[in-house]
Amino acid sequence: MFAEYSPYWQKTLNWELNQDQDISFQKVYDLVIEGNKTQNLTRIVTPPDFWEKHIWDSLRGVLPIWRQQNLKVIDIGTGAGFPGIPVAIAHPTWQLTLLDSTLKKTAFIDHVCEVMSLSNVKSLTGRAEQLHHLSSHRQNYDAVLVRAVGNADLCTQYSIPFLKKGGVIILYRGQWSGAEQISLEHTCKSLRAKITYLDQFLTPLSLSMRNCIHISLI
């Protein structure tokens, strides 16, 4: 089903997925569409949109850290498992914790992981602003991924406590304005952090603008 998009992996990520990964991405699609019958997982349901906006977008966001191995990653506000599940499929050496406040969503993720035997993924039900106080999570992650979840300043405030020194927060955004940049710079300064990279790119099919903001501790 997604085979026709294979050339984009090499062109946009300098990566070629293997057959098992290709099958896994198709299985994710099937499971999400099936899950949509009983709960509102996503409004993106056509194969081209799903591939571009969920699978490809999830992976393109981690491109600057793509070659790193054995990372501990938390995906905050994962919803139906994006970006965490595609990232886990593409990076089997990474350990992914997928956090969402809705039990139905984390139950769905558990189902996906069981069906697909994703041993490098675990779900976590709760709110970031509460869980980051726990010693088992505080300053425990090499990367924090936050995709399509609220205000960038608040996302950063909730994410910083999870981050190890030398790690990175990646905020997935659509449009990104100068005013948002200035506001986030002020927020980062108060948290002893800084914006280290603004990754701006176009999606391969619809040519939509995307921005990923990288934040690290000072």
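The coordinates are above.
A brief look at the structure comes next. Treat the numbers as computed from the prediction; the structure is a model and nothing was measured.

## Considering the overall build of the chain
Item 1. On a plain count of helices and strands, the chain comes out with eight helices and seven strands.
Item 2. A compact globule built from 218 residues should have a C-alpha radius of gyration of about 17 Å, and the chain, at 16 Å, falls within 12% of that.
Item 3. Principal-axis analysis of the C-alpha atoms places the extent of the chain at approximately 45 × 35 × 30 Å.
Item 4. By residue count, 52% of the 218 residues in the chain fall in the buried class.
Item 5. Partitioning the intrachain contacts of the chain with sequence separation of at least 6 by distance along the chain shows that 67% fall at a separation of at least 24.
Item 6. Looking at the chain, you have 21 positive and 19 negative side-chain charges, and the mean spots of the two groups are 8 Å apart.

## Re the pairing of strand E6 (residues 193-202)
In regular strands, side chains alternate between the two faces of the sheet.
Item 1. Sheet topology note: the E6/strand E7 (residues 209-217) ladder contains nine bridges and is antiparallel. Across the sheet, the residue bridging to Phe201 is Arg210, located in E7.
Item 2. Connecting E6 to the antiparallel partner E7 that follows it, the hairpin turn spans six residues, and Leu207 within it adopts a positive phi of roughly 55°.

## Some words on the nonpolar core
Item 1. Membership of the largest hydrophobic core comes to 46 residues, with the highest contact counts inside it found for Trp9, Trp15, Phe25, Leu59 and Val62.
Item 2. The contact partners of Trp9, leaving out residues within four places of it in the chain, are Asn14, Trp15, Leu17, Phe25, Trp51, Ile55, Trp56 and Leu59.
Item 3. Among the nonpolar cores identified, the runner-up in size contains 22 residues, and Ile74, Ile169, Cys188 and Ile215 belong to it.

## A word on the packing of helix H2 (residues 19-35) against helix H5 (residues 103-116)
Item 1. Viewed as axis vectors pointing N to C, H2 and H5 meet at an angle of 140°, and their least axial separation amounts to 11 Å. Our classification of the angle between H2 and H5 gives oblique. For the element pair H2 and H5, the recorded crossing hand is right-handed. Packed against H2, whose contacting residues are Ser24, Lys27, Val28, Leu31, Val32 and Gly35, the element H5 presents Phe108, His111, Val112, Val115 and Met116 at the interface.
Item 2. Along the lines of polarity and charge, the residues of the contact of H2 with H5 split into seven nonpolar, three polar and one charged.

## Section: the packing of aromatic side chains
Centre distance and the angle of the planes are the two values used to describe a pair of aromatic rings.
Item 1. Scanning all chains against the criterion turns up 12 aromatic pairs.
Item 2. Here the aromatic rings of Tyr5 and Trp51 are separated by 4.7 Å at their centres, their planes lie at 20°, and the arrangement is stacked. Residue Tyr5 is found in the segment before helix H1 (6-13), and its partner Trp51 is found in helix H3 (residues 47-60); the two are separated by 46 residues along the sequence.
Item 3. Aromatic ring contacts, followed pair by pair, group Phe2, Tyr5, Tyr8, Trp9, Trp15, Phe25, Tyr29, Phe50, Trp51, Trp66 and Phe82 into a single cluster.
Item 4. Positioned above the aromatic ring of Phe201, the side-chain terminus of Arg60 is 3.9 Å from the ring centre.
Item 5. The ring of Tyr141 carries Lys72 above its face, with NZ or CZ at 5.7 Å from the centroid.

What counts, and where the lines are drawn
Residues numbered from 1 in each chain as written. Predicted model: local features only at pLDDT ≥ 70, side-chain atom pairs only at ≥ 80, totals over all residues. Heavy atoms only, no water. Helix = DSSP H or I, 4+ residues; strand = E, 2+ residues; numbered from the N terminus. Rg over C-alpha atoms; globule rule 2.2 N^0.38 Å. Buried < 20%, exposed > 50% of the residue type's maximum accessible area, 1.4 Å probe, protein only. Contact = heavy atoms within 4.5 Å. Lys, Arg positive; Asp, Glu negative; His and termini not counted. Charge placed at Lys NZ, Arg CZ, Asp CG, Glu CD. Pairing = 2+ DSSP bridges. Core = buried A, V, L, I, M, F, W, Y, C linked by side-chain atoms within 4.5 Å. Axes fitted to C-alpha atoms, helices over the stretch in contact; angles between N-to-C directions. Parallel < 35°, antiparallel > 145°, perpendicular 65-115°, else oblique. Left-handed = near helix turned anticlockwise from the far one by under 90°. Nonpolar A, V, L, I, M, F, W, Y, C, P; charged D, E, K, R; others polar. Phe/Tyr/Trp six-rings, centres within 6.5 Å; stacked < 30°, edge-to-face > 60°. Lys NZ or Arg CZ within 6 Å of the ring centre and 35° of its normal.

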